[in-house]
Amino acid sequence: MASNKKYWKSVEELKETSPIVDTLKHNEFVDEIPTDEFLADKETLEASSTTRRDFLKYVGFTTAAASLAACEGPVVKTIPYVIKPDDIIPGVADYYATTMVDGFDFANILVKVREGRPIKIEPNKEANGSTNARVQASVLSLYDSLRLKAPKANGSEISWEEADKQIVAKLNELKEANSPIVVLTNTCASPSTKKLINKLGDTYGNVQHVIYDAVSESAALDAFEAMYGTRALPDYNLEKAAVIVSIGADFLADWQGGGFDAGYAKGRIPKNGKMSHHIQFESNMTLTGANADKRVMMKPSAQISALLKIYQAIVKGESTELPEAVKNAVNQLKKAGSKAVVLTGIQDKNAQLLALAINKALNSEVIDVNAMRNIRHGNDAKVSQLIADMNAGKIGAIIINNANPVYTLPNAKEFVEGLSKVKLSVAFTMQDNETANAVQFALATPHYLESWGDAVIKKGHYSLIQPTIQPLFKTRQFQDALLAWTGSNTSYYDFIKESWKSDVLDGNKSWNQALHDGIYVKETTGTVEAVDVDTDAAAKALSEVKGSDFELTLYTKVSLGDGQMANNPWLQEMPDPITRASWDNYITMSKADAEKLGVVNTHVANGALNGSYVEVTVNGVKEVLPVIIQPGQAKGSLGLALGYGRKQGLKEEMQTGKNAYQFYKNFQNNQFDVTVKLASGEHEFACVQLQNTLMGRGDIVKETTLDTFNNTALDPKETWNKVAVVSLDHKEVEATKVDLWDSFDRSIGHHFNLSIDLNACTGCGACVIACHAENNVPVVGKREIRVSRDMHWLRIDRYYSHEEDFAGDVELKENSSGVIGYKETMSSLEDPSENPSVVFQPVMCQHCNHAPCETVCPVAATSHGRQGQNHMAYNRCVGTRYCANNCPYKVRRFNWFNYPENDEFDYYMNDDLGKMVLNPDVTIRSRGVMEKCSLCMQMTQATILKAKKEGRPVNTDEFEVACSNACSTGAMVFGDVNNENDTVTELVKDKRAYHLLEHVGTKPNVVYQVKVRNIQEA
């Protein structure tokens, strides 16, 4: 029989009506938990009255509350098509072949378009296209909410009709007065645009075309013109090179327009026992120097001396006594002969002439003087003359297209003064930048993804530019304006179509086919012949250059380049490959110089990096800048990146760094009149990798030498690519043969693997931006980066050696003895060498077949798929972060905030226009969940569905992920290991293949290839 006895816990419950008891029945806590106080923004957080008890109350119900919160994603109501456009299938991407041309970057690309929105850039591989980080990020610049949206006259918006009327009237006045009209553009590789500029000259008489590149290659152009008669740049096929000697040329970054990394990487992968040997002379630690076999630190003035000595030895045959490093380089060059090449980044015509003379003497097959590149055409002498003429009142009008000289010119003040003395000043610009605010007419131009155009990037290679979206604003192309001003009713589209039909295609290909392909290769005839140039006089002039105690090298970062995309948050947040710092430019300085000046870098309590300021004076121009102490920086040299310090037309968050163009006197990248002294204050850096070295841990990055790699008899694979061993039944066995779990049969269906070749990876970071674009990775800003809350799904770790090389590190570690000795050794190993070896290692989720994250997740949010991918069910995740703690690779990211619709993160996810770039195939993650690399599951599934729809199996090497697709060097190869014909299948079996932290037993589906260095001496 049931008992009627009543049990109670307090006298309050005996009352018939009790508001407290009623409340407790529905709510465990009587008082409402003040979550708004302790989860509020930073301003209210400091004034919060939250008690420890309130906080623990909240933690007590976190599982339930966070589970509900995890289901609450941002809701956006959509309206389906009433009448579906014929050329759009919802959910299916369209790809358009086009060309990126912005005067600094040139690339043949494919544009992925979803429902009329360009959302991603990919290389057009059928046109041998490749992309860097800036090209990948350029799609986000299309959706910049601070773009110039309509034409302006003296700061006020006007109609295009009124702008045309006023400008044409002034042009006619100048024509009658025979006053010079100057068209100032950056490098113009467009044959149709050149035609239109000539047509403007035919209409208005005295028209000059001056080409201005913010980052000059004028010295190289002058030298090539002097020796070969054409103002262009030669091409270099580094795949053919057996020996590469580079003197200050960062050819894996932006030297002479870049694009050399693919050929370089092919020569760096050991095949048939051979690979190229790369010697680098430089002052800054560059991307190229970090990849070299032999890196020699030299101040810029010493680099000039090295180039002179190589010239004297190779061209003149002089056998004077040479420094050891230079002697070795000369011997290597002589030994390789026509398979050798010398490159120099010294922006001096005489230095460039000596490099051309050396290559000619070597009869180098690597340099191609016939396949000329048109991606740099700036003429420093003409720009200087233009500024002088403007200030002398000799110029009637200046029409500027896609250039920002008010920001980039070292003598910008003189240029602005000159603008006030011309009768008409016009700027065609996409941005409301410094130049747009200094001219009379600022005319809004479309983004290249909204434009028509053409380009000849390389001689005989004609590329087309086509719009992938209707213009977002009241913009008009520069070319359409020229047509209107010359009285033509023809549109630029019609003009370019007719030009191609008559001048380019020659009836060999239809216009539509050329537009589909994005490129047309036309056979070229004739070769250029070198003429006699007095290189001895060039050598004599070069020898008169004098150095100084401190010398400054100005360079461009692979992220921001010349600065025209400074309002792009993807690029601002991209870590520099060498320093691993973002959101800044800074002085790089050697440790020895820093100690003399009292400059320090410190790590504060939260792990962030801080540094001293210095006052730098260059040719009388002063600026206060922060310092990063850089291993590998030559003593007496400083480095500083261009492209920062912009203010106008940028969101406040993107107004970072200082303008280094003010130091760019005479467009020289090396400046010698430099003084530096310690300044007060401490700068806060956003640096994502504070661990500098491997500390002798050879199981993370494995490397060997080419001699060891080739000597299979004395040095079999087991000596340089050891398989980790563990103890089983008191016996050492290979870790790969021991398991805690039974393995599944993965031979059926697809099984994805990703191979990463450490020899081919240059650390350029294009894969990082491609991952951002494909997977809707949020930008968190400098403050969050400082506290290690970056959200990159893919990071590229950079490691230095403590000894001369990593092998020396391992030897030092193994020879340490005793607890104290081992501790001291490990502590010393964290201090990089003065000139360290460097290695780059991309790390993402390793998609372990026996994943430690999966075993600890209390809600099964992370699980393993049959195809080898580690899944994340975001709606299940409650943010315990157990998985992150249990991940040995530290690749999981926690959403501390809701990054979309959050004023604290005003980048692009908090911007209606910026959100147009988001990939609809990938979920936007809410606060409180874990996220990480998915091996682009949406891409692999789309490939499978496409093949299924077409009734066929997936083709060999058809599978792609964002990072492998963007990788121009071929370092990343993705595929199906169950397909024996896929390239990745062979790479997984290669003798260089190893898994990261193999001894842990996680069995990853990402495999690395051992790095091989060719350190031979001649």
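Residues numbered from 1 in each chain as written. Predicted model: local features only at pLDDT ≥ 70, side-chain atom pairs only at ≥ 80, totals over all residues. Heavy atoms only, no water.

### Here we look at the overall build of the chain
What counts here: Each helix is a run of H or I in the DSSP string that is no shorter than four residues. Each strand is a run of E no shorter than two, and both are numbered from the N terminus. For this analysis, residues touch if any pair of their heavy atoms sits within 4.5 Å. Computed with a 1.4 Å probe, the accessible areas rest on the Shrake-Rupley method; for each residue, only the protein chains presented here act as cover.
Along the backbone of the chain there are 34 helices and 42 strands. Long-range pairs, those at least 24 residues apart, make up 74% of the contacts in the chain with a sequence separation of at least 6. As presented, the chain carries roughly 43,300 Å² of accessible surface, and 50% of it is formed by carbon and sulfur atoms.

### Some details on the side chain of N359
Cut-off, in case you're wondering: Accessibility here uses a 1.4 Å probe with only protein chains present; expressed as a share of the type maximum, an area under 20% marks a residue as buried, one over 50% as exposed, and anything in between as partly exposed.
On the secondary structure map, N359 appears in helix α14 (residues 349-362). Accessibility expressed as a relative area gives 2% for N359, which makes it buried.

### Comments concerning the nonpolar core
Quick reminder of the rule: Buried Ala, Val, Leu, Ile, Met, Phe, Trp, Tyr and Cys residues form a nonpolar core when they are joined through side-chain atoms within 4.5 Å.
Ranked by size, the top nonpolar core spans 179 residues in total, and within it V245 and W570 carry the most contacts. Ranked by residue count, the leading element in this core is helix α12 (residues 300-314), at eight residues. In terms of nonpolar packing, the next biggest core, distinct from the first, is built from 46 residues, F104, L419, A427 and V599 among them.

### Some details on helix α6 (residues 133-142)
Put simply, the rule is: Polar contact is defined as a pair of N or O atoms within 3.5 Å, subject to the rule that within protein one atom must be able to donate a hydrogen and the other to accept it, and that residues adjacent in sequence are counted only when both atoms are side-chain atoms.
Among the 10 residues that make up α6, 10 are buried, leaving the element largely enclosed by the rest of the structure. For α6, the elements touching its buried residues are β1 (94-101), β2 (106-114), β3 (117-123), α22 (569-573), α26 (766-775) and α33 (962-966). For α6, the N-terminal cap is N132; the gap from its side-chain oxygen to the backbone nitrogen of R134 is 3.1 Å.

### Quick word on the state of the cysteines
This is how the line gets drawn: Defined by distance alone, a disulfide is two cysteine sulfur atoms within 2.5 Å.
All chains considered together, the criterion is met by zero disulfides. Considering cysteine sulfurs only, C767 is the nearest to C764, which forms no disulfide, with 6.2 Å between them. Owing to a relative accessible area of 19%, C764 belongs among the buried residues under this scheme.

### A word on the packing of α12 against helix α21 (residues 535-543)
Note the cut-off: Each axis is a line fitted through C-alpha atoms, and for a helix only the stretch in contact is used; angles between axes span 0 to 180 degrees, taken between their N-to-C directions. In this scheme, roughly parallel covers angles under 35 degrees and roughly antiparallel covers those over 145, while 65 to 115 is roughly perpendicular and the rest are oblique. Left-handed describes a crossing in which the near helix is turned anticlockwise from the far one by less than a right angle; the clockwise case is right-handed.
Direction vectors running N to C along α12 and α21 enclose 150°, while the axes themselves pass 10 Å from each other. Put simply, α12 runs roughly antiparallel to α21. Both α12 and α21 take part in a crossing whose hand is left-handed. Judged by residue contacts, I304, L307, L308 and Y311 of α12 engage T535, D536, A539, L542 and S543 from α21.

### What to know about the sheet that holds strand β32 (residues 752-757)
Applicable threshold: At least two bridges found by DSSP between two strands are what make those strands a pair.
Across the sheet, which stays open at both edges, the four strands sit in the order β39-β32-β41-β40 with mixed pairing between neighbours. The open sheet terminates on both sides in strands that have one partner only, identified here as β39 (972-976) and β40 (993-994). As paired strands, β32 and strand β41 (residues 1006-1009) are joined by four bridges and run parallel to one another. Of the residues in β41, the one forming a bridge with S755 is V1007.

### Looking at the side chain of N374
Looking at the secondary structure, you find N374 in the loop between β13 (367-373) and α15 (380-391). Assessed through its relative accessible area of 17%, N374 is described here as buried. At a separation of 3.5 Å, a polar atom in the side chain of N374 contacts the side chain of H377. The contact partners of N374, leaving out residues within four places of it in the chain, are T187, A189, A232, V456, I457, K458 and K459.

### Some remarks on the environment of N619
Tracing the sequence through the fold places N619 in the loop between β24 (609-618) and β25 (621-629). Separated by 53 residues in the primary sequence, N619 and F672 place their C-alpha atoms 8.2 Å from one another. Ignoring any residue separated from it by four or fewer positions in sequence, one finds N619 in contact with K665, Q671 and D673.

### With respect to the pairing of β3
Taken residue by residue, a regular strand's side chains alternate between the two faces of the sheet. Most of β3 sits inside the fold, with seven of its seven residues counted as buried. By the bridge criterion, six bridges tie β2 to β3 in an arrangement that is antiparallel. Within β3, the residue paired with R114 across the bridge is R117.

### Details of the pattern of salt bridges
The following threshold applies: Whenever a carboxyl oxygen of Asp or Glu lies within 4 Å of a side-chain nitrogen of Lys or Arg, that contact is scored as a salt bridge.
Under the defined criterion, the tally for this structure stands at 46 salt bridges. Across the salt bridge formed by K915 and D912, the nearest N and O atoms sit 3.7 Å from each other. Linking E958 and R952 is a salt bridge whose minimum nitrogen-to-oxygen distance equals 3.0 Å. Each of the salt bridges in this network shares a partner with another, and the network as a whole consists of R783, E784, R789 and E904.

### Some words on α12
Going by this rule: Any helix carries an expected span of 1.5 Å times its number of residues minus one.
The end-to-end C-alpha distance of α12 is 21 Å, a good match for the 21 Å that 15 residues give at a rise of 1.5 Å each. Among the residues of α12, P300, Q303, I304, A306, L307, L308, I310, Y311, A313 and I314 are the ones counted as buried.

### Brief notes about a negative patch on the surface
What counts, and what does not: Each patch is built from residues that are more than 30% exposed by relative accessible area and take part in no salt bridge. Like charges join if they lie within 9 Å; nonpolar side chains (Val, Leu, Ile, Met, Phe, Trp, Tyr) join within 5 Å. Charge counting follows a simple rule: Lys and Arg are positive, Asp and Glu are negative, and His as well as the terminal groups are ignored. By convention, charge coordinates are those of NZ in Lys, CZ in Arg, CG in Asp, or CD in Glu.
Together, E803, E804, E811 and E814 give the surface a local cluster of negative charge. Take E804: it is sitting in the loop between β33 (795-800) and α28 (806-814).

### Quick look at the environment of K596
The residue K596 is located in helix α23 (residues 591-597) in this model. Note: C-alpha distance between K596 and L678 (82 residues apart in sequence) is 10.0 Å.

### Remarks on the packing of α14 against α21
So the rule is basically this: In this classification, Asp, Glu, Lys and Arg are treated as charged, Ala, Val, Leu, Ile, Met, Phe, Trp, Tyr, Cys and Pro as nonpolar, and every other residue, Gly included, as polar.
Close contact between α14 and α21 brings their axes to 9 Å; oriented N to C, the two are set at 135°. Considered as vectors, α14 and α21 are oriented oblique to each other. Note that α14 runs across α21; the crossing there is left-handed. Within the contact between the two elements, α14 uses N350, A351, L353, L354 and A357 and α21 uses T535, A538, A539, A541 and L542. When its residues are assigned to classes, the contact of α14 with α21 shows eight nonpolar, two polar and no charged.

### A word on unusual backbone geometry
Residues other than glycine seldom take positive phi values, yet N402 does so here, at roughly 55°. The topology assignment puts N402 in the loop between β14 (397-401) and α16 (405-408).

### Quick notes on the sheet that holds strand β7 (residues 207-211)
One open sheet accounts for seven strands, arranged β5-β4-β16-β15-β14-β6-β7; its pairing is mixed. The sheet is open, and its two edges are formed by β5 (156-157) and β7, each paired on a single side. Running at roughly 130° to β7, α15 makes contact with β6 (181-185), β7 and β14 of the sheet.

### Describing the packing of aromatic side chains
Selection criterion: Pairs were defined over the aromatic rings of Phe, Tyr and Trp, the Trp ring being its six-membered one, requiring ring centres within 6.5 Å. Orientation was assigned from the angle between planes: stacked under 30 degrees, edge-to-face over 60, tilted for the rest.
If you walk through the whole model with that rule in mind, you get 26 aromatic pairs. Look at F251 and Y264: their rings are 5.5 Å apart centre to centre, the planes differ by 65°, and that puts the pair in the edge-to-face class. Within this pair, whereas F251 is found in the loop between β9 (243-247) and α10 (261-268), its partner Y264 is found in helix α10, the two being separated by 13 residues in sequence. By the burial criterion, F251 is buried, and Y264 matches it. Seen from their ring centres, Y462 and W500 are 6.1 Å apart, and the 85° between their planes marks the pair as edge-to-face. Here W500 lies in helix α19 (residues 492-504) and Y462 lies in strand β18 (residues 461-465), a separation of 38 residues in the sequence.

Fair warning: the whole summary comes from geometry, so function is off the table for now.
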